[in-house]
Amino acid sequence: AGRVEFERGRQGICGLRQIKRTGGLAHVDLYFSENTKPDRKDLFTRFVEEHLRTRGVDIREHQAIKCKCGFEISESIIEENIVRGASDVICPVCRRTTMIGEGVDRIRQRNPETDAKMVALRKTIDEKLAKDIESAKKAVAGEIRMAKPGDPIRILHLSDLHFTDKTNPVTKLGLLLQDIRQQDEQYAAIETVEYLVISGDMTDKGKDAGFEKARQFVTALVGELGLSVQRCIFVPGNHDVQDRADAYEERESEHGSTIKVRHPDNFPKRFKQFSNGFFHPLLQRSYPLNYAEQGISYLFPDTGIQFLTLNSAWEIDKNGRKKAGIHPDAVAGVIARADDERKRAVERDDLKKTQPILRIGVWHHAVAGPELMQDLGFLTQLQKAGMKLCLHGDVHESRTGLFGYRQPGIEVEILGAGSFGSAAEGRPESTPRLYNMLEVTVDPKTKTHLSIRVHTREQKKENESWQGCHAWPNPKGGRVPYFDISLGE
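A. Quick look at the overall build of the protein chain. A tally of helices and strands in the protein chain yields 10 helices and 24 strands. A burial count over the protein chain gives 47% of its 489 residues as buried. If you sum the accessible surface of the protein chain, you get close to 25100 Å²; carbon and sulfur atoms cover 49% of it.

The following block contains the structure:
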């Protein structure tokens, strides 16, 4: 089930979809928009037939057929003949017999160039497919540009893309790459990073077009930085939620009144498009809709880094835009999965039993400021499980207390970012867009993570160049666009 579009543009839309099965046959419906030109229809019909035939599929066309007498034999009649095993159909007017498979022959007669066009199209698609397969193999195999020995492990932390149908991913990417690759006195030029973290709000207000633009942006960014998709970490934010009419159902209360309650199956589907439109196309795995499974662990034995991701927007809907929090089952689940992942890595000898692990938590909402989560008990659980650092988004104001901080009584370093792609509309001109570049220093002998330098970058106006956010005190005087975190005991 589902529609696959072949081509969209001035020459119209061609597509196909499986509509039903009858008598062991799969009936495929070709469809065309009103402005699709006849030669495009012919080419597409021929292409689909040849594509399926080369894969051993027996093609029996059952579009409506026009008899030579001019009478159009309906598809329902053709379908009945196919189910019965007949290879032809009898016209009810002139009683002439017409072979069901003659439709394609007529296409060739109408347009003798169709075969040549189809061969050219096949060659183009095969070349593109081969290129895509090779790219996918490299990504999965991890054939990526890694940092040189002795270099820090770099983590690019973006958040709050807020992309819309009007966003130009090429522009956003160009400005970011310019900043990453351009050296200044406090920021070394970088050609590659080891990890990309995006902590939510890929789209704006749950729009499908925003997910598509965000996916295009990430795909291009991954290619430019030599990243593997396996080293990309994504979590949803409140703008990645889609309101659904079926998210609630009516039930009768104990007092006899009708109340609306969350539908157990449909309420979690508010994140289905985040999965289908962004997460799955990039990572080739679905984002879990089950709350307990939304605590996902990603262990990388080669760098000793393990990301623990959570969904802080799981409860947010149109009736409660501020219900930020972490589901308790997800917290318990991610800790158990992280421990099991490490245990299995040791058993495979991918990781030494004594090798230190840097556990980094990732979710969307802040744990300080006006939009903070109310219940922060999960932080103590993660701290006890060995989390040393967490990355979040949803920072929409210029305040260092939201960029890098600690919560009272919690020995975990907290880093915020946000507003990376927020539009200028409705946004104070003085509020910058923010992202972080983390550089993790590692002892080459013990593989212990020693410290993290956090470079804070800002863009003061939309489509301006990025620059360092000079918000941190320098012991030598003045302020610098970075701060250091010690990971020592």
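After that view of the structure, there is still more to cover.
B. Broad picture of the sheet that holds strand 15 (residues 358–362). Ordered in space as 13-14-15-16-18-17, the 6 strands form an open sheet in which the pairing is mixed. Here the strands that pair on one side only, and so sit at the sheet edges, are strand 13 (296–300) and strand 17 (404–405). Both strand 17 and strand 18 (residues 413–416) contribute to a ladder of 2 bridges, which runs antiparallel. Opposite Gly-404, over in strand 18, you have Leu-415 as the bridge partner.

C. Looking closely at helix 8 (residues 328–347). For helix 8, built from 20 residues, the straight-helix expectation of 28 Å at 1.5 Å per residue is met to within 8% by its first-to-last C-alpha distance of 29 Å. Turning to helix 8, its buried residues are Ala-330, Val-331, Gly-333, Val-334, Ile-335, Ala-338, Glu-341 and Ala-345. Buried residues in helix 8 make contact with strand 13, strand 14 (305–309), strand 15 and helix 9 (377–384). Positive phi shows up at Asp-349, right after helix 8, with a value of about 70°.

D. Spatial organisation of the packing of aromatic side chains. In this structure the tally under the stated criterion is 17 aromatic pairs. Ring centres 5.7 Å apart and planes at 50° place the aromatic pair Phe-217 and Phe-420 in the tilted group. Note that Phe-217 is positioned in helix 6 (residues 208–224) and Phe-420 in the loop between strand 18 and strand 19 (433–442), a separation of 203 residues in sequence. Like Phe-217, the residue Phe-420 is buried in the burial classification. Following the ring pairs from residue to residue traces out a cluster consisting of Phe-211, Phe-234, Phe-274, Phe-278, Phe-279 and Tyr-287. The ring of Phe-267 carries the charged tip of Arg-270 above its face, separated from the ring centre by 3.8 Å.

E. Region of the structure containing the pairing of strand 20 (residues 449–459). When you tally the buried positions in strand 20, you get 8 out of 11 residues, the bulk of the element. Linking strand 19 to strand 20, which pair antiparallel, is a turn of 6 residues; within it Lys-447 sits at a positive phi near 60°. Pairing analysis gives 5 bridges linking strand 20 to strand 24 (residues 482–486), with the strands arranged antiparallel. Looking at the pairing, Val-454 lines up with Phe-483 of strand 24. Summarising the sheet, strand 20 and strand 21 (residues 467–468) pair through 2 bridges and their orientation is antiparallel.

F. Spatial organisation of the packing of helix 8 against helix 9. The contact between helix 8 and helix 9 brings their axes to 11 Å, and the two run at 10°. Between helix 8 and helix 9, the angle falls in the class roughly parallel. Facing helix 8, whose interface residues are Val-331, Val-334 and Ile-335, helix 9 presents Phe-378, Gln-381 and Leu-382. Here the contact of helix 8 with helix 9 is composed, by residue class, of 5 nonpolar, 1 polar and no charged.

G. Highlighting the pattern of salt bridges. Following the criterion strictly, the structure yields 15 salt bridges and no others. Two residues, Lys-172 and Glu-462, come together in a salt bridge whose shortest N-O distance is 3.8 Å. Taken together, the residues Lys-172 in helix 5 (residues 169–181) and Glu-462 in the loop between strand 20 and strand 21 connect sequence positions 290 residues apart. Among the residues examined, Lys-172 registers a relative accessible area of 8% and is labelled buried. When salt bridges that share partners are traced, they join Arg-181, Glu-191 and Glu-224 into one network.

H. The packing of helix 5 against helix 6, seen in detail. Axis separation between helix 5 and helix 6 bottoms out at 9 Å; the angle between their running directions is 35°. The hand of the helix 5/helix 6 crossing is right-handed. Contacts between helix 5 and helix 6 involve Pro-169, Lys-172, Leu-173, Leu-176, Leu-177 and Arg-181 from the first element and Lys-213, Gln-216, Phe-217, Ala-220, Leu-221 and Glu-224 from the second. Within the contact of helix 5 with helix 6, the residues separate by chemical class into 7 nonpolar, 1 polar and 4 charged.

I. Highlighting the pairing of strand 16 (residues 387–392). For strand 16, a buried count of 5 out of 6 residues is recorded, marking the element as mostly surrounded by other parts of the structure. Sheet analysis places strand 15 next to strand 16, joined by 4 bridges and oriented parallel. The residue bridging Gly-361 from the neighbouring strand is Cys-390, located in strand 16. By the bridge criterion, 4 bridges tie strand 16 to strand 18 in an arrangement that is parallel. Within strand 18, the position partnered with Cys-390 by the bridge is Ile-414.

J. Quick peek at the confidence of the model for the protein chain. Residue-level pLDDT values for the protein chain average 80, and 72% of them are 70 or greater. Between residues 103–110, whose pLDDT stays under 50, and residues either more than four places distant or in other chains, the model counts 15 contacts. Counting contacts from residues 139–145, a segment whose pLDDT is below 50, to residues more than four positions away or on other chains yields 15 contacts.

K. Examining helix 9 more closely. All buried positions along helix 9 are accounted for by Phe-378, Leu-379 and Leu-382. Down the axis, helix 9 shows its buried residues gathered within 105° of arc, on one side only. The elements touched by buried residues of helix 9 are strand 14, helix 8 and strand 16. Phi for Gly-386, located one or two positions after helix 9, is positive at around 100°.

L. The environment of Asp-179, seen in detail. For Asp-179, the location among the structural elements is in helix 5. For Asp-179, a relative accessible area of 6% gives the class buried. The spacing of Asp-179 and Gln-467 is 288 residues in sequence and 7.0 Å in space, taken between C-alpha atoms.

Conventions and cut-offs
- Residues numbered from 1 in each chain as written.
- Predicted model: local features only at pLDDT ≥ 70, side-chain atom pairs only at ≥ 80, totals over all residues.
- Heavy atoms only, no water.
- Helix = DSSP H or I, 4+ residues; strand = E, 2+ residues; numbered from the N terminus.
- Buried < 20%, exposed > 50% of the residue type's maximum accessible area, 1.4 Å probe, protein only.
- Areas by Shrake-Rupley, 256 points an atom, 1.4 Å probe, with all protein chains shown as cover.
- Pairing = 2+ DSSP bridges.
- Expected span 1.5 Å × (residues − 1).
- Contact = heavy atoms within 4.5 Å.
- Phe/Tyr/Trp six-rings, centres within 6.5 Å; stacked < 30°, edge-to-face > 60°.
- Lys NZ or Arg CZ within 6 Å of the ring centre and 35° of its normal.
- Axes fitted to C-alpha atoms, helices over the stretch in contact; angles between N-to-C directions.
- Parallel < 35°, antiparallel > 145°, perpendicular 65-115°, else oblique.
- Nonpolar A, V, L, I, M, F, W, Y, C, P; charged D, E, K, R; others polar.
- Salt bridge = Lys/Arg side-chain N within 4 Å of Asp/Glu carboxyl O.
- Left-handed = near helix turned anticlockwise from the far one by under 90°.
- pLDDT = per-residue confidence, 0-100.
- Arc of directions from axis to C-beta.

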